[in-house]
Amino acid sequence: MEKLFADSELADIFAKLQNGERLNFDDGIKLYNSYDINHIGFMANTVREQKNNNNAYYIINRHINYSNICKNRCKFCAFSRDKDEDGSYVMDMEEIMQRASLVLKDGSTELHIVGGLHPDFKFDYYIKMIGEIHSRFPHVHIQAFTAVEIAHLAEIAGMSVHDTLMELKNAGLGSLPGGGAEVFSPRLREKLCPEKLSGEGWLNVMREAHNIGFKSNATMLYGHIEAAEDVINHLLALRNLQDETNGFLSFIPLAFHPKNTELSELSRTTGFYDLKMLALGRLMLDNFPHIKAFWIMLGIKLAQVSLSFGVDDIDGTVSEEKITHSAGADTPESLSVAELVNLIKEAGRVPVERDTLYETQNRNSTVAV
Ligand code: V47
Ligand code: SF4
């Protein structure tokens, strides 16, 4: 082992992993500060293969961003607008249904629906949206509303988070996406998104959701002004909640895109840092079944390479994502199944189509998207 790891601190971490020991805060800091990306990747890959064998998951899905009008105006967000600002939009129910109906054409098993916190919408708009999509396309899983949106919905409905979630569940909501987590550090949140639900608030909404049976994802926005301890504390907070609820399906580190934001002076993340965040996620979150590379933000080529750095899921066809593209992402707006499958096979993995809850999909014929 001493020969394999030039960095003896990484050798100690590898020994811990081999003994089934959990990594702690100090281990996380050491990994974050290490430049030995090959060995960090090797360790993350070992864990990834223990958990997911050679499988690499993808999903046929569509994103609907129903409105970009948002009262929070986070400094890292290029997507949001004020109500009367140029470029603001709201999709009416007809447009939402027209977009949702494309699932019949492309074979999507999931609709991923998120938007800004509109200052005037009533709770009814959200219930109608979910209810109508669910009744017209009952076979499609609706993954909608970040924990931040759920807290906002509870506020406008004048109900508890629990009751709000129950109403959405009854209308047909299937699970929650992982957005809005950003970075939990109150100091950083104050600087980046002072109006947003706190990190503790985000975790509380997820706890409530998991306790009533919803599954969800978790994210972390990185590549802005975070330091090592902000990242590790974020991961440990997620791990603690997962110990309690076991409701998280996947962890998705989101690479910050600065263009058109109030932080546009910052550079885009590097491939090195991106791979380190994904591998760190795999190594610290021993109780998360999946680590997802969102290729839209990461770039297609790095997402493929990340399949050897702890990642077992490259999300999906993702038709029509707007949040990252508003901030200058140069990736396409969607990938075909054939492209996803090819990326996975070229990386030596076995492509497995999944649904939102990671049930394997067996199609006789692949739907061309
Ligand atoms: O919460 C906003 C992030 C998130 C920028 O659950 C930005 O499967 C980069 O959470 N650069 C929304 N990121 C997207 C999201 C997501 C995406 C894919 C899959 C899943 C999932 C969840 O996007 C926001 C925020 O953290 N974001 N602005 C930006 N300029
Ligand atoms: Fe609004 Fe979400 Fe953008 Fe923040 S990240 S301004 S909450 S849409």
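On a predicted model such as this, the values are computed, not experimentally measured, just so you know. (Residues numbered from 1 in each chain as written. Chains lettered and ligands numbered in written order. Predicted model: local features only at pLDDT ≥ 70, side-chain atom pairs only at ≥ 80, totals over all residues. Heavy atoms only, no water.)

1. Notes on empty space enclosed by the protein
Gaps left between atoms show up when a probe the size of a water molecule is rolled over them. Here the structure, examined in full by the defined rule, presents two cavities of 30 Å³ or more. Space inside the largest cavity adds up to approximately 760 Å³. Residue lining of the largest cavity: 43 residues in total, with G179, G180, E182, L254 and I323 positioned closest to the centre. For the lining of the largest cavity, the elements supplying multiple residues, two or more each, are strand 2 (61-65), strand 3 (110-114), helix 7 (147-157), strand 6 (215-222), strand 7 (248-255) and helix 15 (323-326). The residue inventory of the lining of the largest cavity, partitioned by class, reads 19 nonpolar, 16 polar and eight charged. What the second largest cavity holds in volume is close to 30 Å³. Every residue along the wall of the second largest cavity is listed here: E110, Q143, N217, L249, K292, R354, T356 and Y358. Grouping the amino acids of the lining of the second largest cavity by side-chain chemistry returns two nonpolar, three polar and three charged. (1 Å grid on protein atoms, 1.4 Å probe; cavity = no way out; pocket = protein on both sides within 12 Å on 5 of 7 lines; lining within 4 Å. Points joined across faces, edges and corners; volume = space filled by probe spheres on them. Helix = DSSP H or I, 4+ residues; strand = E, 2+ residues; numbered from the N terminus. Nonpolar A, V, L, I, M, F, W, Y, C, P; charged D, E, K, R; others polar.)

2. What about the packing of helix 1 (residues 8-18) against helix 2 (residues 25-33)?
Packing of helix 1 against helix 2 brings their axes to within 10 Å, and their N-to-C directions diverge by 130 degrees. On the basis of the axis angle, helix 1 is oblique to helix 2. For the element pair helix 1 and helix 2, the recorded crossing hand is left-handed. Along its contact with helix 1, which presents E9, L10, I13 and K16, the element helix 2 presents D27, K30 and L31. (Axes fitted to C-alpha atoms, helices over the stretch in contact; angles between N-to-C directions. Parallel < 35°, antiparallel > 145°, perpendicular 65-115°, else oblique. Left-handed = near helix turned anticlockwise from the far one by under 90°. Contact = heavy atoms within 4.5 Å.)

3. Considerations on helix 11 (residues 228-245)
In this model helix 11 runs 26 Å from its N-terminal to its C-terminal C-alpha over 18 residues, within 8% of the 26 Å that 1.5 Å per residue would give. Of all the positions in helix 11, only A228, D230, V231, I232, H234, L235, L236, L238, R239, L241, Q242 and T245 are classed as buried. Buried residues along helix 11 sit against helix 2, helix 9 (186-192), helix 10 (199-211), strand 6, strand 7 and helix 12 (271-284). Within two residues after helix 11, N246 carries a phi angle of roughly 55 degrees, on the positive side. (Expected span 1.5 Å × (residues − 1). Buried < 20%, exposed > 50% of the residue type's maximum accessible area, 1.4 Å probe, protein only.)

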